[in-house]
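Each chain, letter by letter, is given below.
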Amino acid sequence: MNLMILKRFRNELIIIGATLFAISTFLYKHSIDKTIEQKREDIKSSISQINRVLELKKVWKSKNILKKVKILRTIVSKSKIGSFKKRGQKIIVKYRKVNTTELNSIIKVVMNNPFQIVKLDIKEVGKERYNMELICRW
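Participant: I tried to follow the sheet that holds strand E3 (residues 116–126) on my own but got confused; where do I start?
Facilitator: Sheet strands pair by backbone hydrogen bonding; their relative direction is either parallel or antiparallel. Judged by pairing direction, the sheet is antiparallel, and its 4 strands sit side by side in the order E1-E2-E4-E3 without closing on themselves. If you trace the sheet from one side to the other, it starts and ends with strand E1 (81–87) and E3, each paired once. Ignoring which end each strand starts from, the neighbouring axes of this sheet average 5° apart. For E1 and strand E2 (residues 90–98), the ladder comprises 6 bridges, and the chain directions are antiparallel. In the strand pairing of E2, Phe84 is matched with Val93. Sheet strands touched by helix H3 (residues 65–74): E1, E2 and strand E4 (129–137). Its angle to E1, the strand with the most contacts, is close to 165°. Set on the sheet, helix H4 (residues 100–111) makes contact with E2, E3 and E4; between it and E4 the angle comes to about 10°.

Rendered as structure tokens:
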């Protein structure tokens, strides 16, 4: 009797099976499309990060940095520079008795260039006079 019922509703069962198969293939295709789109976005973000790193590398490894380092020597008069030492990619500068405008100009140069500040020590020695020790790397 069950076999007769199956034969009687054979076309309906085929349609139901085909519909379920079509729905499952649609859902599978949709999930694969989402996965591919997500991987595509990941690749785009990776490429943009690589390009950003390359641009930063050009800035940080620029040969013009040496010229920018030499500006630290010419900002104030030579009598106010205690010591100026450059070792590889590191600079040690000591300033004596600089006023606030000179101090601000030194800080501005350091902040506007790709230097990594290792040590910045500012001590007040008189009224609006400061001693400053600066160690930078690049």
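Participant: Just to check I follow, could you spell out the environment of Asn131 for this structure?
Facilitator: Position of Asn131 relative to the elements: it lies in strand E4. C-alpha of Asn131 to C-alpha of Val98: the two residues are 33 residues apart in sequence and 6.6 Å apart in space. Beyond its immediate stretch of four places on either side in the chain, Asn131 contacts Tyr95, Arg96, Lys97, Asp121, Ile122, Lys123 and Val125. A polar contact is formed between the side chain of Asn131 and the backbone nitrogen of Lys97, at a distance of 3.0 Å.

Participant: Looking at this model, I keep getting lost on unusual backbone geometry. Mind explaining?
Facilitator: Excluding glycine, most residues fall at negative phi; most peptide bonds, likewise, are trans. The phi angle at Lys97 is positive, at roughly 50°, despite the residue not being glycine. Structurally, Lys97 can be placed in strand E2. You will see that Glu128, though not glycine, has its phi angle at about 55°, which is positive. Here Glu128 lies in the loop between E3 and E4. According to the relative accessible area criterion, Glu128 is partly exposed, its value standing at 46%.

Participant: Is there a simple way to explain the pattern of salt bridges in this structure?
Facilitator: When the charged atoms of two side chains lie near each other, side chains of opposite charge can form a pair. For the structure shown, the criterion picks out 5 salt bridges. Here Arg40 ties to Glu37 by a salt bridge, and the two come within 3.2 Å at their closest N and O atoms. With Arg40 and Glu37 both in helix H2 (residues 10–60), this residue pair falls 3 residues apart, about one helical turn. Given a relative accessible area of 42%, Arg40 falls into the partly exposed group. When its relative accessible area of 37% is taken as the criterion, Glu37 is described as partly exposed. A salt bridge links Lys123 to Asp121; its shortest N-O distance comes to 3.8 Å. Here Asp121 falls in the partly exposed class, since its relative accessible area comes to 25%.

Conventions used here
- Residues numbered from 1 in each chain as written.
- Predicted model: local features only at pLDDT ≥ 70, side-chain atom pairs only at ≥ 80, totals over all residues.
- Heavy atoms only, no water.
- Pairing = 2+ DSSP bridges.
- Helix = DSSP H or I, 4+ residues; strand = E, 2+ residues; numbered from the N terminus.
- Axes fitted to C-alpha atoms, helices over the stretch in contact; angles between N-to-C directions.
- Contact = heavy atoms within 4.5 Å.
- Polar contact = N/O pair within 3.5 Å; in protein donor to acceptor, adjacent residues only side chain to side chain.
- Buried < 20%, exposed > 50% of the residue type's maximum accessible area, 1.4 Å probe, protein only.
- Salt bridge = Lys/Arg side-chain N within 4 Å of Asp/Glu carboxyl O.

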